[in-house]
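Residue strings, one per chain:
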Amino acid sequence: MTDLQITGLTKVYGSGATVLDGLDLTVPAGALVAVLGPSGCGKTTLLRIIAGFLRADSGTVTIGDRTLSGPGTHLPPERRRIGIVPQEGALFPHLSVARNVAFGLTGLDRGTRRLRVEEMLELVGLAGYGDRMPHELSGGQQQRVALARALAPQPQLVLLDEPFNALDSSLRTGLRADVRAALQATGATAVLVTHDQQEALSTADLVAVVRNGTIAQCDTPHEVYRRPADPWVAAFVGDAVLVTGTVDKGTATTALGRVPLADPPGGVREGMVLLRPEQIQLTDTASAEARGMVTEVRYYGHDAMVTVALDEVDAPIDVRVPGPAPASPGERIGIRVTGVATLHPVPA
Ligand SMILES: Nc1ncnc2c1ncn2[C@@H]1O[C@H](COP(=O)(O)OP(=O)(O)OP(=O)(O)O)[C@@H](O)[C@H]1O
């Protein structure tokens, strides 16, 4: 098991656009990090530099004590010991599943190679599929073969480039869990690029949120969600409710009521108080901390999002309730806040 260290990575394309701007990222040995960011933020560029397909303008990429990219060093992709799972399988269509998986297994005798292929296919849940051709597999099975092919040469690092994109949502959930289990079983360090926050939160050990060519926050899924670095991260990784508040003794007083702060900063008297929609409860108007009118209800089956225009807050707020919403547009309603909030500076 080997850790991945990225330091000061910068990439400016010919057009003059700075896509990576001194990006730092550390992935501990054996961990799976999800690199999450909006379209065009540089995720693929980062992956291509790690893989060695693209040269950075400056910065270093090391795995363990091996420098892959750095001043005066650029190891070619085939010498990096990195396995890659591309967006859509990209299997060789004319080769059987077994020969696809065996593709990168050089320097092994035939018996050892066959055993490794069988072991990898079993690991990804496709034991017995070796003789099939890629076109005889479903999209999800093709991605499993692509993972088996990437893992077969026992790489130190595995890069997964939006590997579940082409699959429908019910298939994705099962495959994510299986990919995670297979990576854990081999102990490989892994980088998963995605723009899907659910995927990042549910699959990875660490979530690295990319913004403007740097990492805005890298933390466990729980910490990124519970203690986002700033309102932008909060709104990108989930839904956010922001209200101004004054602070006294670790508690913020807001138009939604008084809310304890997760990390009360010393000496700060006011700021933006950040809550999640599921921290807000709908109540009757008599026992509420704040009151307003329901303006919209969006139903999602397992929960619903209720938008409320509060009497004393300019912007409407979102409230997440389990199951069908207990109120309809046009109804007067009360709200109450539960849990703790994080505090952020008021934008200049
Ligand atoms: N070869 C290139 N030459 C010039 N600009 C490029 C090149 N490749 C990418 N870019 C630009 O760099 C920016 C980042 O691209 P990149 O593909 O790394 O983003 P991304 O985060 O992976 O996006 P997506 O989620 O849409 O795949 C984009 O604005 C893109 O247009």
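Because the structure is predicted, anything quoted here is derived from the model rather than measured.

Each value, and the rule that gives it
- Residues numbered from 1 in each chain as written.
- Predicted model: local features only at pLDDT ≥ 70, side-chain atom pairs only at ≥ 80, totals over all residues.
- Domains from an automatic or database assignment.
- Contact = placed C-beta atoms within 7 Å.
- Near = placed C-beta within 6 Å.
- Helix = DSSP H or I, 4+ residues; strand = E, 2+ residues; numbered from the N terminus.
- Nonpolar A, V, L, I, M, F, W, Y, C, P; charged D, E, K, R; others polar.
- Pairing = 2+ DSSP bridges.
- Axes fitted to C-alpha atoms, helices over the stretch in contact; angles between N-to-C directions.
- Parallel < 35°, antiparallel > 145°, perpendicular 65-115°, else oblique.
- Left-handed = near helix turned anticlockwise from the far one by under 90°.
- Core = buried A, V, L, I, M, F, W, Y, C linked by C-beta atoms within 7 Å.
- Buried ≥ 20, exposed ≤ 12 C-beta atoms within 10 Å, placed from the backbone.
- Expected span 1.5 Å × (residues − 1).
- Arc of directions from axis to C-beta.

1. Some details on the domain arrangement of the chain
- Partitioning the chain into structural domains gives domain 1 (4-232) and domain 2 (239-344).
- Relative placement of domain 1 and domain 2: their C-alpha centres are 38 Å apart.
- In this assembly, four residues from domain 1 lie in contact with seven residues from domain 2.

2. Here's the deal with the site of the ligand
- Surrounding the ligand, one finds 13 residues, the nearest of these being Tyr13, Ser39, Lys43, Thr44 and Thr45.
- In terms of residues, the shell around the ligand owes the most to one element, helix α1 (residues 43-51), which gives three residues.
- Residues of the shell around the ligand, tallied by class, amount to four nonpolar, eight polar and one charged.

3. Description of the sheet that holds strand β1 (residues 4-12)
- Spatial strand order, β2-β1-β4-β5-β6: five strands in an open sheet with antiparallel pairing. With partners counted over all chains shown, the strands left at the sheet margins are β2 (18-27) and β6 (73-74), one partner each.
- Sheet topology note: the β1/strand β4 (residues 58-63) ladder contains five bridges and is antiparallel. Opposite Leu4, over in β4, you have Ile63 as the bridge partner.
- Here α1 sits on the sheet in contact with β1, β2, β4 and β5 (66-70), set at roughly 65° to β2.

4. A short note on the sheet that holds strand β10 (residues 206-211)
- Spatially, the six strands line up as an open sheet ordered β7-β8-β9-β3-β10-β11, and their pairing is mixed. The open sheet has two edge strands with one neighbour each: β7 (82-85) and β11 (214-219). Shown here is a sheet whose adjacent strand axes are inclined to one another by a mean of 20°, direction ignored.
- Where β7 and strand β8 (residues 157-161) come together, four bridges link them in parallel fashion. Across the sheet, the residue bridging to Val85 is Leu160, located in β8.

5. Structural notes on the pairing of strand β12 (residues 241-248)
- The pairing of β12 with strand β15 (residues 270-275) spans six bridges and is classified as antiparallel. The residue bridging Gly245 from the neighbouring strand is Gly271, located in β15.
- Here β12 pairs with strand β13 (residues 251-254) via four bridges, running antiparallel. Bridge pairing links Gly245 to Thr254 in β13.
- Between the end of β12 and the start of β13, which pair antiparallel, lie two residues, with Lys249 showing a positive phi angle near 50°.

6. Regarding the packing of helix α4 (residues 139-151) against helix α5 (residues 169-186)
- Relative orientation of the contacting elements α4 and α5 amounts to 15°, with a least axis distance of 11 Å. Viewed along their axes, α4 and α5 adopt a mutual orientation that is roughly parallel. Seen along the crossing, α4 lies across α5 with a hand that is right-handed. In contact with Gly140, Gln143, Leu147 and Leu151 of α4, α5 contributes Leu171, Leu175, Val179, Ala182 and Thr186.
- Across the contact of α4 with α5, the residue classes tally to six nonpolar, three polar and no charged.

7. Points about the nonpolar core
- By size, the foremost hydrophobic cluster in this structure holds 94 residues, and its most contacted members are Ala148, Val158, Val191, Ala208 and Val209.
- If you tally residues by element for this core, the top one is α4, at six residues.
- Residue contributions to this core reach at least three from each of two domains, namely domain 1 (4-232) and domain 2 (239-344).
- The residues touching Val209, leaving out its near neighbours within four places in the chain, are Leu36, Gly37, Ile215, Ala216, Gln217, Val224, Val233, Phe236 and Val237.

8. Some thoughts on the environment of Thr214
- Note on placement: Thr214 falls in strand β11.
- Between the C-alpha atom of Thr214 and that of Val179, which follows or precedes it by 35 residues, the distance is 27 Å.
- When near neighbours in sequence (up to four residues on either side) are disregarded, Thr214 contacts Asp21, Gly22 and Leu23.

9. Notes on unusual backbone geometry
- Here the phi dihedral of Glu162 falls at roughly 45°; this positive angle occurs in a residue that is not glycine.
- You will see that Asn212, though not glycine, has its phi angle at about 50°, which is positive.
- Mapped onto the elements of the fold, Asn212 is located in the loop between β10 and β11.

10. Examining helix α3 (residues 110-123)
- In a regular helix each residue adds 1.5 Å, so 14 residues correspond to 20 Å; α3 covers 20 Å between its end C-alpha atoms and thus fits that length.
- Looking at α3, one finds that the buried residues are Val117, Met120, Leu121 and Leu123. Projected down its long axis, α3 carries its buried residues within an arc of 155°, all on one side. Exposed side chains of α3 directed beyond 90 degrees from the buried face belong to Gly111, Thr112, Leu115 and Glu122.
- Packing partners of the buried residues in α3 comprise α2 (97-102), α4 and α5.
- Positive backbone phi, at 80°, marks Gly125, one or two positions downstream of α3.

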